[in-house]
Amino acid sequence: MLIINGWLSDADTIISPHFNQRPCEEIRLLVIHNISLPPNQFNADSQTDYISDLFVGKLDCSHDPYFKGLVGLEVSAHCLITRSGRVKQYVSFLDRAWHAGRSSYQGITNCNDYSIGIELEGSDRIPYTDAQYDALIRLTKTLMVEYPKISIPSIVGHSDIAPNRKSDPGVAFDWIRFRKSL
């Protein structure tokens, strides 16, 4: 896995319009998220890829009652890892994806400014797949080489930077397994 000008050489590239330039901040934080649309349904490996549709601003909110709450939402992540371990990249690592929202890490707000956001297709209470862990570990090791300020202590969950708002990646995420593999 290589990063060339902020893009993974072997990921599926799907360009999101939901990003902007980073302020002059050094990348020093990796945030792990989860997402499933509709909740607890996994389809990012199919033609009905609602997650990608959301990240590129083309989600048809009439397809599911849950989507009504997503109308007008502009959100993205740098990458998504599907249940099969496939990696999709939406935003260059050099740019600021809109994944963290109101957030703070070690007293510094606006985590989007200095972080990379990785979404796992999943939910808080459903175990992630071996393929997802394998892909996440490979991706994380690559990011740690490219951005040496990212270290094991600066790899966190969305719940760590927005604790009163978010719970992902949830209790199903095996932090011990993940960190031991790094």
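Residues numbered from 1 in each chain as written. Predicted model: local features only at pLDDT ≥ 70, side-chain atom pairs only at ≥ 80, totals over all residues. Heavy atoms only, no water.

Draft legend 1. Layout of the overall build of the protein. The helix and strand inventory of the protein stands at four helices and 12 strands. For the protein, the C-alpha atoms occupy an extent of roughly 45 × 35 × 35 Å along the three principal directions. Buried positions account for 52% of the 182 residues belonging to the protein. At a minimum sequence separation of 6, the contacts of the protein that also span at least 24 residues come to 71%. About 8700 Å² of surface is accessible on the protein, with carbon and sulfur atoms providing 51% of the total. For the protein, the distance from the average site of its 18 positive side-chain charges to the average site of its 21 negative ones is 4 Å. (Helix = DSSP H or I, 4+ residues; strand = E, 2+ residues; numbered from the N terminus. Buried < 20%, exposed > 50% of the residue type's maximum accessible area, 1.4 Å probe, protein only. Contact = heavy atoms within 4.5 Å. Areas by Shrake-Rupley, 256 points an atom, 1.4 Å probe, with all protein chains shown as cover. Lys, Arg positive; Asp, Glu negative; His and termini not counted. Charge placed at Lys NZ, Arg CZ, Asp CG, Glu CD.)

Draft legend 2. Seen up close, the side chain of S52. With respect to the helices, strands and loops of the structure, S52 is situated in helix α1 (residues 50-55). A residue is classified by how much of its surface remains accessible, and S52, at 6% relative accessible area, is buried. Side-chain polar atoms of S52 contact the side chain of Y90, separated by 2.5 Å. (Polar contact = N/O pair within 3.5 Å; in protein donor to acceptor, adjacent residues only side chain to side chain.)

Draft legend 3. Structural view of the nonpolar core. Judged by nonpolar contacts, the single largest core of 28 residues is most densely connected at I32, F93, I116, I118, L143 and F173. Those elements that provide at least two residues to this core are β5 (29-35), β6 (79-81), β11 (115-121), α2 (130-146) and α4 (175-181). No other element matches α2, which puts seven residues into this core. If you look at the next biggest cluster of nonpolar residues, it comprises 17 residues, including C61, L70, V75 and Y90. (Core = buried A, V, L, I, M, F, W, Y, C linked by side-chain atoms within 4.5 Å.)

Draft legend 4. The environment of Y66, seen in detail. Topologically, Y66 is positioned in the loop between α1 and β6. Residues Y66 and A135 lie 69 residues apart in sequence; the distance between their C-alpha atoms is 29 Å. Setting aside its immediate chain neighbours within four residues, Y66 contacts L37 and P39.

Draft legend 5. Geometry of the pattern of salt bridges. Taken as a whole and assessed by the stated rule, the structure comprises six salt bridges. Across the salt bridge formed by R28 and E25, the nearest N and O atoms sit 3.1 Å from each other. For E25, a relative accessible area of 31% corresponds to the partly exposed category. R86 is the partner of D45 in a salt bridge, and the nearest nitrogen-oxygen pair spans 3.7 Å. Here R86 lies in the loop between β6 and β7 (87-89) and D45 lies in the loop between β5 and α1, a separation of 41 residues in the sequence. Taking the relative accessible area as the measure of exposure, D45 reaches 35% and is therefore partly exposed. Beyond isolated ion pairs, a larger network of salt bridges with shared partners links D12, D45 and R86. (Salt bridge = Lys/Arg side-chain N within 4 Å of Asp/Glu carboxyl O.)

Draft legend 6. Quick look at unusual backbone geometry. Here the amide bond leading from L37 into P38 is cis, since omega sits at -15°, within 30 degrees of zero. Inspection of the secondary structure puts P38 in the loop between β5 and α1. Between D168 and P169 the backbone carries a cis peptide bond, its omega angle lying at 10°. Relative to the assigned elements, P169 resides in the loop between α3 (158-161) and α4. A positive phi angle is found at N5, which is not glycine, with a value near 50°. As for its placement among the helices and strands, N5 is situated in the loop between β1 (3-4) and β2 (7-8). Positioned with a positive phi, N40 is a non-glycine residue whose angle comes to about 65°. The topology assignment puts N40 in the loop between β5 and α1. Given the relative accessible area of 46%, N40 is considered partly exposed.

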